[in-house]
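# Close look at the chain arrangement
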Amino acid sequence: MIDWILKRRSIRKYTSEDVSEAQVTEILKAAMAAPTANNVCDWEFVVVRDPAVKRALAAALPHGKMTAEAPLAIVVVGRTAEKYAEQDCAAATENILLAVTSLGLGAVWLGMKDPDRVAGVTKAVGLPEGRYPFTVIPIGHPAEDKPPRTQYDPAKIFQDRYGRR
């Protein structure tokens, strides 16, 4: 598992090879195995393969143009009424990224807070009232190779109290 964590990188270029339904199922099983506050499971997922919808997602996300070219994208959806939806969605998103890596695929986390981006993604996938897009994750077979890495930095670690080294 540590190898997958270190190998996971943001992949923005994909081959034209499709991602199988079996792979998508494994990715979503991993997503739904994420921790969730009070077992509420505040997340839902929209799997997008339709080229027109992927283009609409790419248009809504200034740094997400690769979404139009990826074989698929998963939109992680939260429920606005739930107190811990963002934490649950973040945990599910990380599980998706790790599952993608373990399957030899590539992906990138496209987060959004800007109201225009949220509105564009909401419209593109037809989210109803009470739901919001937490992230869009383009997924495909990598057309770029990035070495494993960590961003480990001892300067960001404190002992017992903030500021104590």
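Quick note: structure is the one above.
One structure accompanies this document, and this report is about it. Since this is a predicted model, take the numbers as computed values, not measurements. (Residues numbered from 1 in each chain as written. Predicted model: local features only at pLDDT ≥ 70, side-chain atom pairs only at ≥ 80, totals over all residues. Heavy atoms only, no water.)

## Structural notes on the overall build of the protein
Assigned secondary structure in the protein consists of five helices and five strands. Starting at the N terminus, the α and β elements of the protein follow one another as α-α-β-α-β-α-β-β-α-β. For a compact globule of 165 residues, the expected C-alpha radius of gyration is about 15 Å, and the protein comes in at 17 Å, within 12% of that figure. Taking the principal axes of the C-alpha coordinates as reference, the protein spans close to 50 × 40 × 30 Å. Burial statistics for the protein: of 165 residues in total, 39% are counted as buried. (Helix = DSSP H or I, 4+ residues; strand = E, 2+ residues; numbered from the N terminus. Rg over C-alpha atoms; globule rule 2.2 N^0.38 Å. Buried < 20%, exposed > 50% of the residue type's maximum accessible area, 1.4 Å probe, protein only.)

## Topic: helix 3 (residues 51-60)
Looking at helix 3, one finds that the buried residues are Lys54, Leu57, Ala58 and Ala60. Considered in projection along helix 3, the buried side chains sweep an arc of 165° and stay on one side of the axis. Those residues of helix 3 that are exposed and angled more than 90 degrees off the buried face are Arg55 and Ala59. Where helix 3 is buried, its residues meet strand 1 (43-48), strand 2 (72-79), helix 5 (115-125) and strand 5 (131-140). Where helix 3 begins, one side-chain oxygen reaches toward the backbone nitrogen of Ala52, 2.7 Å away; that side chain belongs to Asp50. (Arc of directions from axis to C-beta. Contact = heavy atoms within 4.5 Å. Polar contact = N/O pair within 3.5 Å; in protein donor to acceptor, adjacent residues only side chain to side chain.)

## Structural notes on unusual backbone geometry
Despite not being glycine, Asn39 shows a phi value in the positive range, around 55°. Among the structural elements, Asn39 can be located in the loop between helix 2 (21-31) and strand 1. Classification of Asn39 by relative accessible area gives exposed; the value is 61%. Phi angles above zero are rare outside glycine, and Cys41 is one such case at about 55°. You can see Cys41 is positioned in the loop between helix 2 and strand 1. What makes Cys41 partly exposed here is its relative accessible area of 28%.

## Here we look at helix 5
Considered for burial, the residues of helix 5 that qualify are Val121, Ala124 and Val125. End-on view of helix 5: buried residues confined to an arc of 80°, all on one side of the axis. Facing away from the buried side of helix 5 by more than 90 degrees, the exposed set consists of Pro115, Asp116 and Lys123. Taken together, the buried residues of helix 5 touch strand 1, helix 3, strand 2 and strand 5. Sitting at the head of helix 5, Asp114 places a side-chain oxygen 2.8 Å from the backbone nitrogen of Asp116.

## So, the pairing of strand 2
Burial runs high along strand 2: seven of the eight residues are buried. Alignment of strand 1 against strand 2, held across six bridges, turns out to be antiparallel. Pairing of Phe45 across the sheet is with Val76, part of strand 2. In terms of strand pairing, strand 2 meets strand 5 through eight bridges, oriented antiparallel. If you follow Val76 over to strand 5, its bridge partner there is Thr135. (Pairing = 2+ DSSP bridges.)

## Brief notes about the layout of surface pockets
A volume near 210 Å³ is recorded for the largest pocket. Secondary-structure elements contributing two or more residues to the lining of the largest pocket are helix 4 (85-102) and strand 3 (106-107). By residue number, the principal contributor to the lining of the largest pocket is helix 4, which donates three residues. Class assignment for the residues of the lining of the largest pocket results in six nonpolar, three polar and six charged. (1 Å grid on protein atoms, 1.4 Å probe; cavity = no way out; pocket = protein on both sides within 12 Å on 5 of 7 lines; lining within 4 Å. Points joined across faces, edges and corners; volume = space filled by probe spheres on them. Nonpolar A, V, L, I, M, F, W, Y, C, P; charged D, E, K, R; others polar.)

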